[in-house]
Amino acid sequence: MSGVKLLTVSVDEGEQRLDRWFKRRFPHVTQGAVEKMCRTGQVRVDGARAKAADRVAPGMVIRVPPLPDSDAPSRPRPDGVSAADAKMIQNAVLFKDEHIIVLNKPSGLPSQGGSGQGDRHVDGLTEALKFGYKDRPKLVHRLDKDTSGVLVLARTDRVARALSEAFRHRNTRKIYWALVAGVPQPKQGSIKYALMKAPGHGRGGEGEKMVGIHPAKMADYPDAKRAHTDYFTLWFLGSRLAWMALEPVTGRTHQLRAHMAELGHPILGDGKYGGSNAENMGDGWGAGIGGELSRKLHLHARRLMVEHPITKEMMTFTAPLPEHMQRTWKLLDWKEGDVPEDPFETIR
């Protein structure tokens with residue numbers, strides 16, 4: 001066992017999540033161990049308690065408690081990526097050059113490890129995405145486990161810092177497609193409910209939900225964070241279903257799912273925010289419409305517009321719908337090419 005260390009985040013390490021910094025410095029320490037050390041206050045940042053998801057920046061001092069030696073017995077983990085997983089994640093590549101890799105992340109595959117996420121996730125499969133480079137590509141943003149679509153990875157630390165800065169300062173635009181219960185009225189608008197974590201926690205924290213707070217009541221809820229989503233109804237089926245384009249202006253946890261539920265039109269397949277099949281939420285229904293429609297979450301990161309970190313060219317990446325949403329679109333006789341890719345362009 002090593003003793004207590006006080007380590008300074010270097011300029012080369014840039015800004016990143018505390019758990020990611022920890023894993024790069026001490027790869028033999030598991031994600032669960034890092035989270036436990038944070039929960040119990042053994043890991044501290046500039047003398048203060050911190051969460052695994054908190055961001056650290058160059059110059060910050062991190063207290064690292066005694067750790068097991070790297071050659072000490074630990075829970076067995078696979079050393080590499082299986083041939084099937086390597087093929088799967090390589091087939092998900094939409095674009096790559098010497099600086100970035102863009103994936104169409106499959107639904108059901110977490111972006112990173114964490115509570116309840118297991119060992120199979122995009123970050124754990126990046127060994128298969130090196131394509132001749134010495135280092136694995138790095139995540140610069142995330143999608144929820146059950147959300148599919150455009151996900152960008154950086155191939156170098158320099159590019160990771162530049163992209164992280166772009167996402168943090170919202171120098172990007174994202175458009176998601178979703179299928180929701182009911183049809184919003186008006187069919188185009190903005191949702192500006194602030195969001196905060198609901199009280200209480202599920203086992204390991206995975207039961208947390210975000211609740212909406214009316215903007216006029218934010219002063220009563222100091223933990224609430226401003227959130228803004230623009231929406232546009234692309235197509236609808238009677239009053240039962242609507243194909244939505246959603247643009248998150250802010251980037252809060254579960255923002256699109258919580259906002260659509262707050263509007264009364266939950267996203268299909270959303271067991272956390274959608275309610276039951278029979279529940280009437282506003283003008284919509286519960287998130288399980290039933291019939292032949294898939295029970296999986298119908299939320300897809302369709303389009304990402306971002307400035308290339310090196311060439312400075314504005315690039316647009318578009319991801320085809322995942323298989324379960326393709327089946328739904330076929331059942332409803334909807335076609336991807338029948339709607340504008342950027343319906344918000346004319347109203348900006």
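Residues numbered from 1 in each chain as written. Predicted model: local features only at pLDDT ≥ 70, side-chain atom pairs only at ≥ 80, totals over all residues. Heavy atoms only, no water.

(A) A look at the overall build of the protein. Per the secondary structure count, the protein includes seven helices and 18 strands. Sequence separation of at least 24 residues holds for 65% of the intrachain contacts in the protein that already meet a minimum separation of 6. In the form shown here, the protein has an accessible surface area of approximately 17700 Å², with 49% of it arising from carbon and sulfur atoms. (Helix = DSSP H or I, 4+ residues; strand = E, 2+ residues; numbered from the N terminus. Contact = heavy atoms within 4.5 Å. Areas by Shrake-Rupley, 256 points an atom, 1.4 Å probe, with all protein chains shown as cover.)

(B) Representation of the UniProt feature "active site" (unreviewed entry) in the protein. Under the UniProt annotation, the feature "active site" (unreviewed entry) is placed at Asp144. By secondary structure assignment, the location of Asp144 is in the loop between β9 (138–139) and β10 (148–154). Its relative accessible area of 27% is what places Asp144 among the partly exposed residues. Those residues in contact with Asp144 that sit more than four places away from it in its chain are Lys105, His254 and Arg257. (UniProt positions renumbered as here; feature names shortened; annotations may be inferred. Buried < 20%, exposed > 50% of the residue type's maximum accessible area, 1.4 Å probe, protein only.)

(C) The nonpolar core, seen in detail. Among the nonpolar cores identified, the biggest contains 29 residues, and Leu103, Leu246 and Leu299 are the most heavily contacted of them. For this core, the secondary structure elements donating two or more residues are α3 (83–91), β8 (100–105), α4 (122–125), β10, β11 (172–181), β16 (241–248), α6 (255–262) and β17 (299–307). The contacts of Leu246, once residues within four sequence positions are left out, are Lys174, Ile175, Tyr176, Ala178, Thr229, Asp230, Tyr231, Leu256, Met260, Leu299 and Phe344. Counting residues in each nonpolar core, the second largest holds 19 residues, with Ile175, Met305, Met325 and Phe344 among its members. (Core = buried A, V, L, I, M, F, W, Y, C linked by side-chain atoms within 4.5 Å.)

(D) Representation of the packing of aromatic side chains within the structure. The tally for this structure, following the rule as stated, stands at eight aromatic pairs. On the basis of an interplanar angle of 50 degrees and a centroid distance of 5.3 Å, the ring pair of Phe22 and Phe26 is categorised as tilted. Each of the two residues, Phe22 as well as Phe26, counts as buried. Seen from their ring centres, Trp177 and Trp243 are 5.1 Å apart, and the 85 degrees between their planes marks the pair as edge-to-face. With Trp177 in strand β11 and Trp243 in strand β16, this pair connects stretches of sequence that are 66 residues apart. For Trp177, a relative accessible area of 0% corresponds to the buried category. (Phe/Tyr/Trp six-rings, centres within 6.5 Å; stacked < 30°, edge-to-face > 60°.)

(E) Quick look at the confidence of the model for the protein. A residue-level look at the protein finds 86% of positions with pLDDT of 70 or above and a mean pLDDT of 86. Across residues 72–79, where pLDDT falls below 50, the model places two contacts with residues more than four positions away in sequence or in other chains. Note that pLDDT drops below 50 for residues 276–285; the model gives that stretch 27 contacts with residues more than four away or on any other chain. (pLDDT = per-residue confidence, 0-100.)

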